[in-house]
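Analysis of the macromolecular model
Here is how the chains run, residue by residue.
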Amino acid sequence: FFGVGFPMPLLFGPLVYLYAVTASDRSRRLTRWDALHLVPFVAAVVMGLPIYLMSGAGKVAIYHALQQGAAPLVIKVFDPLKLLSGVTYAAVTLLFLRRHRARIRDNYSSLEHVNLQWLLRLAMAGAVIWVLAVVFQVTQLFEEFQRGDDVITLAVALLVYGIGYMALRQPEIFRFDTAEFPVAGKEPAPPPGPPSEPVTAQEVVVGPEPAGSR
C-alpha cells in the first residue's frame, strides 16, 4: 500500500465543494461535468502507477530515497498541485456559501440556518488546514520547521472527530430536513383543517334492528 494515500488530498477540496453545493440546494444534482473535479486525482494515480506496480524491494528503495531528499517526478509535480487545489477549492467553497447566505437571508428557516452554519464551519476548518499546509511547506523549504506533516495530520484528525461529534449532536444537519424539502420516507403532517363535528348517538349506525324490537 506504499503511496496509496498520496493522491487523496486532491479529493478533499472537490468533495467538500460538491457537498456544500448539493447540500445548500436540494434541487442540485451531480452531473457528468462534476466528474471533471476528479481529473487531478486520476492523473496523480495514473502517474503513480509505475511506483504502485513495483516490487516491495523497489518501494523500500524509493522510501529510503525520499528520506535522503530524492523525490520521484510524480511527487515533485503533484505536491505543489495539492496545495494549490486545496486553497483554491477552499476559497471557492467559502465564496459560494457567502453568496448563498445572501440569497436566502430573508426567507430561510431556523433549521436551514443551522445547516448553513454547519457548512460554513466545515469550509472554514478546511481552509485553515490548507493554509497551515502552505505555511509549513514554505517553512520546511528553509528547514526551520520539520514537523509540519504531524501538525496537519493532527488537524485533519480533529476535523474528522468534529464531524462525528456534530453527527451525534445535531443529526439533522446531515439529513437537511426542512419544511420545504422533507426527508424522503417521512410521512408529512396532515394539513390543518376545520375541526370535525362530534358524532351524536342518533348518527351511529349499529346494524339492522332485531325483529320484534318495536
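Going by the structure above, here's the rest.
Summarised in this report is the structure supplied together with it.

Calculation criteria
- Residues numbered from 1 in each chain as written.
- Predicted model: local features only at pLDDT ≥ 70, side-chain atom pairs only at ≥ 80, totals over all residues.
- Heavy atoms only, no water.
- Helix = DSSP H or I, 4+ residues; strand = E, 2+ residues; numbered from the N terminus.
- Expected span 1.5 Å × (residues − 1).
- Buried < 20%, exposed > 50% of the residue type's maximum accessible area, 1.4 Å probe, protein only.
- Arc of directions from axis to C-beta.
- Salt bridge = Lys/Arg side-chain N within 4 Å of Asp/Glu carboxyl O.
- Contact = heavy atoms within 4.5 Å.

**Concerning helix H6 (residues 148-169)**
Over its 22 residues, H6 extends 31 Å from the first C-alpha to the last, a length consistent with the 32 Å expected when each residue adds 1.5 Å. Inspection of H6 places Gly-148, Ile-152, Ala-155 and Met-166 among the buried residues, and these make up the whole buried set. The buried side chains of H6 occupy one side of the element, clustering within an arc of 60 degrees when seen end-on. For H6, exposure combined with an orientation more than 90 degrees from the buried face picks out Asp-149, Thr-153, Leu-154, Val-160, Tyr-161, Tyr-165 and Leu-168.

**Focus on the pattern of salt bridges**
This model, assessed by the stated rule, comprises one salt bridge. Across the salt bridge formed by Asp-79 and Lys-82, the nearest N and O atoms sit 3.4 Å from each other. With Asp-79 and Lys-82 both in helix H4 (residues 73-103), this residue pair falls three residues apart, about one helical turn. Of the residues examined, Asp-79 reaches a relative accessible area of 30% and is grouped as partly exposed.

**Looking at the environment of Leu-18**
Mapped onto the secondary structure, Leu-18 falls in helix H1 (residues 9-24). For Leu-18, a relative accessible area of 11% gives the class buried. For Leu-18 and Leu-30, which are 12 residues apart along the polypeptide, the C-alpha to C-alpha distance reads 8.1 Å. Setting aside residues up to four positions removed in sequence, Leu-18 forms contacts with Leu-30, Asp-34 and His-37.

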